[in-house]
Structures are given as C-alpha cells and as structure tokens.
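# Survey of secondary and tertiary structure
As a plain string of letters, each chain reads:
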Amino acid sequence: MTGRSSFLIVANRLPVDRTIEPDGTASWRRSPGGLVTAIAPVMQRRHGAWAGWHGAPDEKLEPFEQGGMNLIPVPLSAREVELYYEGFSNATLWPLYHDVVAPPVFEREMWEAYREVNERFANAAAEAAEEGAVVWVQDYQLQLVPAMLRRIRPDLRIGFFLHIPFPPVELFWRLPWRKDLVEGLLGADLVGFQLPGGASNFRRLCRRLLGLPYKGNEIFLDDRVVRTQAFPISVDFGQLDALVRDPNIVARAKEIRMELGDPEHVLLGVDRLDYTKGIGQRLEAFGELLKDHRLEAGEAVFVQIATPSRERVDEYRRLRDDIELQVGRINGEHAQLGYQPVWYFHQSYDHEELAALYLAADVMVVTPLRDGMNLVAKEYISCHHDLHGALVLSEFAGAADELRQAYLVNPYDVEDVKRQMVAAMRATPHELARRMRTMRRRVATYDVDRWASEFLTALESPASEPSMRRSASWRSG
Ligand code: ADP
Ligand code: G6P
C-alpha cells in the first residue's frame, strides 16, 4: 500500500485478528464483535484505509491489503495489551459504561498506558491521512484520539462513534480521569452515539464538568462547535437476506435441527462470552421452565454459542466458569437418553454457519443487562424472510428502541423472561409473521450503509458558528 488516504477508519482492532500458535505459526481470522461486523462492509464499499491493532502482541507489521481494504497495523507490546486493552479499556471503561454491572478497576498505571497508546493511534492516523481527509475514530478504547489528532492535524475532519452506551453523569463522575476523556472526545467535529440518551448524557456532562453551553445537538467551545447525535448502528441486511436464501444454508439449517434431535422449539443465544450479555439469566429462565414442567423433556432445546472474549480479564474468567457450571447443572438435572436440553459451544463460527443457526432457530434469546445496540438481534431478523421466528429482547439493549415488536423483557426479572420465552414459543404463525414483518421493514430500511452515510453526511456538513454561543442555553437539551 502506498500514499495517504482521504478516508480513514481508526479502531482498536483491525477487521482481521492474528493468532500466533505455540509453535510460532500465525493465522488470520475475522475479529470478534459488532464493531467489525458493521464497519467491514462499509469499508469494502468505500475506498479508504483502516488503522488498528492486529491482535498479536510485540509484533510490528507493514501495511497490507485484505478483502479490498487497506490495513495499517498499529503495534501493542504485551504490557500495553495488559494495561491499555485488558486493563483501562476492558476492566475500567467497559464495566463503567455498562451500568457498572461489574465493578470497574481504577489504576493509574492502566490510565498511563491508555494515554500512551491513544497517542500512538493518533500519530498513525496523522501519518496516514491526506490533507483535509475524513478520519472516523471508533469506540471507547480511543476516546483521547480526537483531541490528540486535532492538535497534530487541524486540517482534518474528525468524527467519533461510540459503539457502547454512554453512561449517566452520576456514573461517569467516578472516573478519576473524567476531564481528560471528555476533552479527548471534544476534539472531534461530530461525536456519535447509539441512542439519543447517550448523546444527552454527554452534553449534560460537558456542561457540568467543563461549563460548556449547548443548544440542541451542538456544544459550544471557544473557537469551535462540536455536534453530538444518535446514529443507531445496524447490519448488512441485504447480504444476510441473500445468504439465507442459498439452498446450502437452507439445507444446513434443516440438518442442524435434526442434529439437535428435531425438537418442537429451538431457542438460540449468540454472544461474546461477556458478563453484560445476560447469558446466565436466560439459562436460569430456561432451566426453571424445565423444572416447573412448563416445558416437557424433549420439547425444547437451548443452543448457546459463546465466542471466547477477553479471556485474561478476571471477570471474564469467572463468567466462563459460572456459565459452564450452570450448563452442566441444567443438563445434569433434565437430560434424558436422547435428549440434551442445553447445547453450549465456546467457539467462533463463520458467516454461513451462523446464518444457518439463525434460520434454524424458532426463538432468538437476546437478554443483555446493558448493550449499546446488539447486532445479533438485527442479524436474526435479517435472516427470517420466511417470517417465522420470534425475538426475545432485553429492554436494556439499544436495539429495543427500534425493535418494539420483539418479546421485550427485563432480564433482571426471571419470571418475565420465562413468560416471554413461553409466549414466543406458543405464538401463532400469524402473530409471528406480523411481528417479524414490521421488524424486518425497520432493519431493511435502517441498514449499516444508511448508518454510515448518515454519520458521514453529518460529519461533512457545516455546524453553527461559534459566535452562536451567546444564544446557547445553559439548560436546554
Ligand atoms: P458485541 O459487539 O458486544 O460483541 P453485537 O451483538 O453487537 O455484540 O455483535 C456481535 C457480533 O459478533 C455479531 O455480528 C455476531 O454475528 C458475531 N458473533 C457473535 N458470536 C459469534 C460466534 N460464535 N462466531 C462468529 N461470530 C459471532
Ligand atoms: C464490542 C466493542 C468493540 C470490540 C468488540 C470485541 O463490540 O464495542 O470495540 O472490538 O466488542 O471485543 P474485543 O475486546 O475482542 O475487541
């Protein structure tokens, strides 16, 4: 790859992840998580470059091309992986921004590493961007990059999108480095959030922490205006819709049902193995339905796919043990010869196998305790042109704002989850089709291309003049 780019993505991860085996051999796989799922198809359709970490420590790689994308690897040392990635990003910010469902760790060493690594990403972006380029920085791992980048390259148009929830002021306030993070984000011209609530939390925080006035979506700095707005992220509806019409996928979906013992109801969960996803809550609900005999043995199976994630972070280790114990208990108590109630897979799958699983499932169970959006819910909807299938969805997932026809649940209320799981299993085909049709219309219209183009259009359109500051209210929004 040569030259600089006029459009650049900067994210902690590249779309591909490099694994080094104990014998030293290296292989590439798709990176886990919703960020890569959303950004990769957008990038494949636009010309540009993507700067990010390639997933292995202590390794410097040259820029390379893959899947029609120019990739610029940003190196991390093993210590930085521990302090910046596993530490400040995933043991401090991740739990803090997800309603403190696990206690956040506050350590100065982790913060220092976060600052240093953010500086490295800002420098990499500054080098790769041509004069006046659009640079789109992604997610909580890189919140200092916008301001750092603006300092080096004031000519750039800088956007930032947060894929996870932005917490209420009362929670964010705990962060010892709260001012640095907010000032980091304010280096962008446009700061995007999943939901309007996140954007308004951020504006209120800017007023309370930095005394900055705002009006509508705009925050007024001395010399610039920063726009804040919600852009609910989505999936590549067209690609998934086409994939599940492939006869091979249809045949594979049938085969999966047979391999599960051809039960009346197949329930499915697909998540990174993360404590925000409410995997334990949904398994508890399913186990109780068997115990209460509201489900008879052989009637329903629960397939839980749990992608390995952040495996060296303590909370994730504990979670894996807890879930595996719980699966063992339910199967131990309710299995019969020829019937296994829960099928648990701690593995990653390719697009085709996931699509076949979605197609095979009668009920998709998505019960996060807090989630920025949850693309799995939208993927499931995209895969059901047959209008069969029900979505049980947590009220605490961003997707619940759009998918109102799902069977909405409070995941903290196990009786509610049980009730809605049963309602989804007992619904008539007519009722399922009615709900699915409306949800499909929504996801088909607001797909990932629309998300990206709405963000980029807003980023390139001019904001108000800073002189409007005087008329900005201190209380509005
Ligand atoms: P998060 O970004 O927190 O992981 P999302 O639901 O928004 O949650 O996105 C998860 C993405 O990861 C989806 O695109 C989903 O298809 C993918 N995914 C989840 N589990 C697996 C798996 N076992 N194998 C392959 N892809 C997976
Ligand atoms: C979520 C985050 C992403 C992250 C992904 C996978 O989607 O918002 O930023 O990349 O999870 O997590 P990981 O730690 O493996 O990158």
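Scope of this entry: the structure provided in the associated data block.

## Section: the site of ligand 2
In the vicinity of ligand 2 lie 15 residues, with Arg13, Tyr85, Asp139, Gln141 and Arg310 positioned nearest. One nitrogen or oxygen atom from the side chain of Arg13 is found 2.6 Å from an oxygen atom belonging to ligand 2. Protein burial of ligand 2: of its 380 Å² of free accessible surface, 93% is covered by the chains. Every element with two or more residues in the shell around ligand 2 is listed here: helix H1 (34-45) and helix H2 (78-97). At 3 residues, H2 tops the list of elements feeding residues into the shell around ligand 2. Of the residues belonging to the shell around ligand 2, the class tally is 6 nonpolar, 5 polar and 4 charged.

## Remarks on the packing of aromatic side chains
Tallied over the entire structure, the rule returns 25 aromatic pairs. For the pair Trp28 and Phe64, a centre-to-centre distance of 5.2 Å together with 45° between the ring planes defines the contact as tilted. In this pair, Trp28 sits in strand E3 (residues 26-30) while Phe64 sits in strand E5 (residues 64-66), placing the two residues 36 residues apart along the sequence. Given the relative accessible area of 31%, Trp28 is considered partly exposed. Each member of the aromatic cluster is reached from another via a ring pair, and the members are Tyr84, Phe88, Trp111, Tyr114 and Trp177. In this arrangement the basic side chain of Arg310 is found over the ring face of Trp94, its NZ or CZ atom lying 4.2 Å from the centre. We note Arg442 situated over the ring of Tyr446; from NZ or CZ to the ring centre the distance is 3.8 Å.

## Things to note about helix H14 (residues 414-426)
With 13 residues, H14 ought to run about 18 Å at 1.5 Å a step, and its terminal C-alpha atoms sit 18 Å apart, in line with that. For H14, the full list of buried residues reads Asp416, Val417, Lys418, Gln420, Met421, Val422, Ala424 and Met425.

Parameters and conventions
- Residues numbered from 1 in each chain as written.
- Chains lettered and ligands numbered in written order.
- Predicted model: local features only at pLDDT ≥ 70, side-chain atom pairs only at ≥ 80, totals over all residues.
- Heavy atoms only, no water.
- Near = heavy atom within 4 Å.
- Polar contact = N/O pair within 3.5 Å; in protein donor to acceptor, adjacent residues only side chain to side chain.
- Areas by Shrake-Rupley, 256 points an atom, 1.4 Å probe, with all protein chains shown as cover.
- Helix = DSSP H or I, 4+ residues; strand = E, 2+ residues; numbered from the N terminus.
- Nonpolar A, V, L, I, M, F, W, Y, C, P; charged D, E, K, R; others polar.
- Phe/Tyr/Trp six-rings, centres within 6.5 Å; stacked < 30°, edge-to-face > 60°.
- Buried < 20%, exposed > 50% of the residue type's maximum accessible area, 1.4 Å probe, protein only.
- Lys NZ or Arg CZ within 6 Å of the ring centre and 35° of its normal.
- Expected span 1.5 Å × (residues − 1).

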